[in-house]
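Observations on chain architecture
Residues per chain, in single letters:
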Amino acid sequence: MAGDSQVHMDHDMEIGVTPTAVKKLPKHMREAQISTERTHLIADPIKKPRQRYVQKDGKCNVHHGNVQETYRYLSDLFTTLVDLRWRFSLFIFTLVYVVNWLFFGLLWYIIALIRGDLWHSDEEGWTPCVENLNSFVSAFLFSIETETTIGYGYRVITEKCPEGIILLLIQAILGSIVNAMMVGCMFVKISQPKNRAETLMFSHKAVISVRDNKLCLMFRVGDLRNSHIVEASIRAKLIRSQQTKEGEFIPLNQTDINIGFDTGDDRLFLVSPLIISHEINEKSPFWELSQAQMDKEEFEIVVILEGMVEATGMTCQARSSYLDKEVLWGWRFTPVLSLEKGFYEVDYNSFHDIYETNTPSCSAKELAATLREGQLLPTLSSLTPEPPKPYTLEPLSTHNPLTKEVDKGEEGERGEINGSATALEDQPGLD
């Protein structure tokens, strides 16, 4: 048998085939462990990077596909035009005006063609509808002059052309509507508060550390402009998949993270950078998660900062997110505010800086239970009555002065008793 095996191996080597015992798996099979019916490869699962729900710059990473009812976008045409990218907005802006000018230029050319102004314009005594209009190019130029109210004075409409007068009124009205719509779209698109959100900063990392004997999840926000955000408020959402007790799978389930809604701490006076804190208590989704469990979880924290722009009064919203790998356990933010002569200075070079601090790796629930037991033990020890001491007979000490007095008192009493008895015996008549 050994000889046959050696022969097969030699045969494999001769024909250039790797022996079965030392054959290497393909790359994709080496990276991803695949279990079969006969073999179960046991290995630590490799945690894949999570796909972001919201990008760091605030853009939502969601694409809408298979939309059948596309007519809904046309029902709100103004918003559709505003939401377009700049390249498309400029293209549509130019296209609308050019098509409008061409359309009315064609109508002016048709009027001149029907009236015969193209052939009789050189005849004496002939009154055309539009003077000096003798081709389609001249009609197109007259359409531009009419709608933009340029009025060079070379091409003018005459009073003996009622159809031209009516067309002039229609073009003036429709031209005003087109101008109002297109200029309005451009104005709204330029003044959109999305650009204001570019100067609102979020820290690159979120941290977890202890504040006032409680675990807290923290991140930092700041505003680079001197014009402030009025009525600024902030909220946070936890994004993670969830499976109900009935077996229903909910992808990207959203859970509120309380960052001061009940106490009013979510209302910000954002003059200098602020550290937003979420206390991990019984209502927190991180209540039972320790550091080791947090490393295994897959989640994303989306933070949303809203407020009104002080200069324009328009509502502004800035967004950012933190993946599970971007939440660091046992770190704190470096202070950025310093007191100078007559003012406070913010050092934005240290805005994203953090430093490591001593933080227990247990969950917030375990930490609260430990602190509660530590506070109750002294209280219980003071309230518990001391047990009664056992009574023991101790020999009387001869060096105790109190004992000597007691002994003398007892001897005196014995002497008095004995003397009384002797006196009674000596008295006559008592026999």
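Going by what an unreviewed UniProt entry lists, the chain is known as G protein-activated inward rectifier potassium channel 4 and is assigned to Hucho hucho. What UniProt records for the chain under Subcellular location (unreviewed entry) is the sentence "Membrane". In the Sequence similarities (unreviewed entry) part of its UniProt record, the chain is described as follows: "Belongs to the inward rectifier-type potassium channel (TC 1.A.2.1) family. KCNJ5 subfamily."

1. Section: the overall build of the chain
Summing up its helical and strand segments, the chain has 11 helices and 14 strands in all. Taken across its 431 residues, the chain has 29% of its residues classed as buried.

2. Overview of the packing of helix α5 (residues 86–115) against helix α7 (residues 136–147)
Interhelical geometry of α5 versus α7 gives an angle of 120° and a closest axis separation of 8 Å. Looking at the two axes, α5 sits oblique to α7. Remark: the crossing between α5 and α7 carries right-handed chirality. Taking contact as the criterion, the partners of Asn-100, Trp-101, Leu-102, Phe-104, Gly-105, Leu-106, Trp-108 and Tyr-109 in α5 are, on α7, Phe-136, Ala-139, Phe-140, Phe-142, Ser-143, Ile-144 and Glu-147.

3. Overview of the nonpolar core
The biggest cluster of nonpolar side chains holds 37 residues, and the ones touching the most others in it are Phe-286 and Ile-301. If you list the elements that add at least two residues to this core, you get β1 (200–202), β2 (206–211), β3 (214–223), β4 (229–243), β8 (300–309), β9 (315–323), β10 (327–329) and α10 (364–383). Sort the elements by how many residues they give to this core and β4 lands first, with 5 residues. Filtering out sequence-adjacent residues up to four positions away, Phe-286 remains in contact with Leu-217, Leu-238, Ile-257, His-278, Ile-280, Met-294, Phe-299 and Ile-301. Within the second largest apolar cluster, 12 residues are counted, among which are Ile-111, Leu-118, Val-130 and Leu-167.

4. Here we look at the packing of aromatic side chains
A complete count under the given rule lists 8 aromatic pairs for this structure. With a centroid separation of 5.1 Å and an interplanar angle of 65°, the aromatic rings of Phe-93 and Tyr-97 are classed as edge-to-face. Of the two residues, Phe-93 and Tyr-97 both sit in helix α5, 4 residues apart, roughly one turn of that helix. On the accessibility criterion, Tyr-97 (12% relative accessible area) is buried. One residue, Arg-220, lies across the ring of Phe-351, its end atom 5.4 Å from the ring centre.

5. Here's the deal with the environment of Arg-211
Its location among the elements puts Arg-211 in strand β2. A sequence separation of 68 residues divides Arg-211 from Glu-279, and the C-alpha atoms of the two residues are 8.6 Å apart.

6. What to know about the layout of surface pockets
Empty space within the largest pocket amounts to approximately 1,400 Å³. Along the walls of the largest pocket sit 33 residues, with Lys-59, Asp-83, Gln-192, Lys-194 and Arg-319 positioned nearest its centre. Contributing elements (two or more residues each) for the lining of the largest pocket: α3 (71–75), α4 (77–83), α8 (162–190), β1 and β9. Among the residues making up the lining of the largest pocket, the classes are represented as 12 nonpolar, 10 polar and 11 charged.

7. Digging into a nonpolar patch on the surface
Residues Val-98, Leu-102, Leu-106, Ile-110, Ile-114 and Phe-136 make up a contiguous nonpolar surface patch of roughly 490 Å² in combined accessible area. Broken down by element, the nonpolar patch gets its largest block of residues, 5 residues, from α5. Note that Ile-114 resides in helix α5.

8. Examining the state of the cysteines
On inspection of all chains with the given rule, the structure shows 1 disulfide. Note that Cys-129 is cross-linked by a disulfide to Cys-161, the S-S spacing being 1.9 Å. Residues Cys-129 and Cys-161 share a disulfide whose torsion about the S-S bond is about -75°; that sign makes it left-handed. With a gap of 32 residues between them, Cys-129 in the loop between α6 (117–120) and α7 and Cys-161 in the loop between α7 and α8 connect regions that are remote in the sequence. As far as burial versus exposure is concerned, Cys-129 and Cys-161 are alike and both buried.

Calculation rules
Residues numbered from 1 in each chain as written. Predicted model: local features only at pLDDT ≥ 70, side-chain atom pairs only at ≥ 80, totals over all residues. Heavy atoms only, no water. UniProt positions renumbered as here; feature names shortened; annotations may be inferred. Helix = DSSP H or I, 4+ residues; strand = E, 2+ residues; numbered from the N terminus. Buried < 20%, exposed > 50% of the residue type's maximum accessible area, 1.4 Å probe, protein only. Axes fitted to C-alpha atoms, helices over the stretch in contact; angles between N-to-C directions. Parallel < 35°, antiparallel > 145°, perpendicular 65-115°, else oblique. Left-handed = near helix turned anticlockwise from the far one by under 90°. Contact = heavy atoms within 4.5 Å. Core = buried A, V, L, I, M, F, W, Y, C linked by side-chain atoms within 4.5 Å. Phe/Tyr/Trp six-rings, centres within 6.5 Å; stacked < 30°, edge-to-face > 60°. Lys NZ or Arg CZ within 6 Å of the ring centre and 35° of its normal. 1 Å grid on protein atoms, 1.4 Å probe; cavity = no way out; pocket = protein on both sides within 12 Å on 5 of 7 lines; lining within 4 Å. Points joined across faces, edges and corners; volume = space filled by probe spheres on them. Nonpolar A, V, L, I, M, F, W, Y, C, P; charged D, E, K, R; others polar. Patch = residues over 30% accessible without salt bridge, like charges linked within 9 Å, V, L, I, M, F, W, Y side chains within 5 Å. Areas by Shrake-Rupley, 256 points an atom, 1.4 Å probe, with all protein chains shown as cover. Salt bridge = Lys/Arg side-chain N within 4 Å of Asp/Glu carboxyl O. Disulfide = S-S within 2.5 Å.

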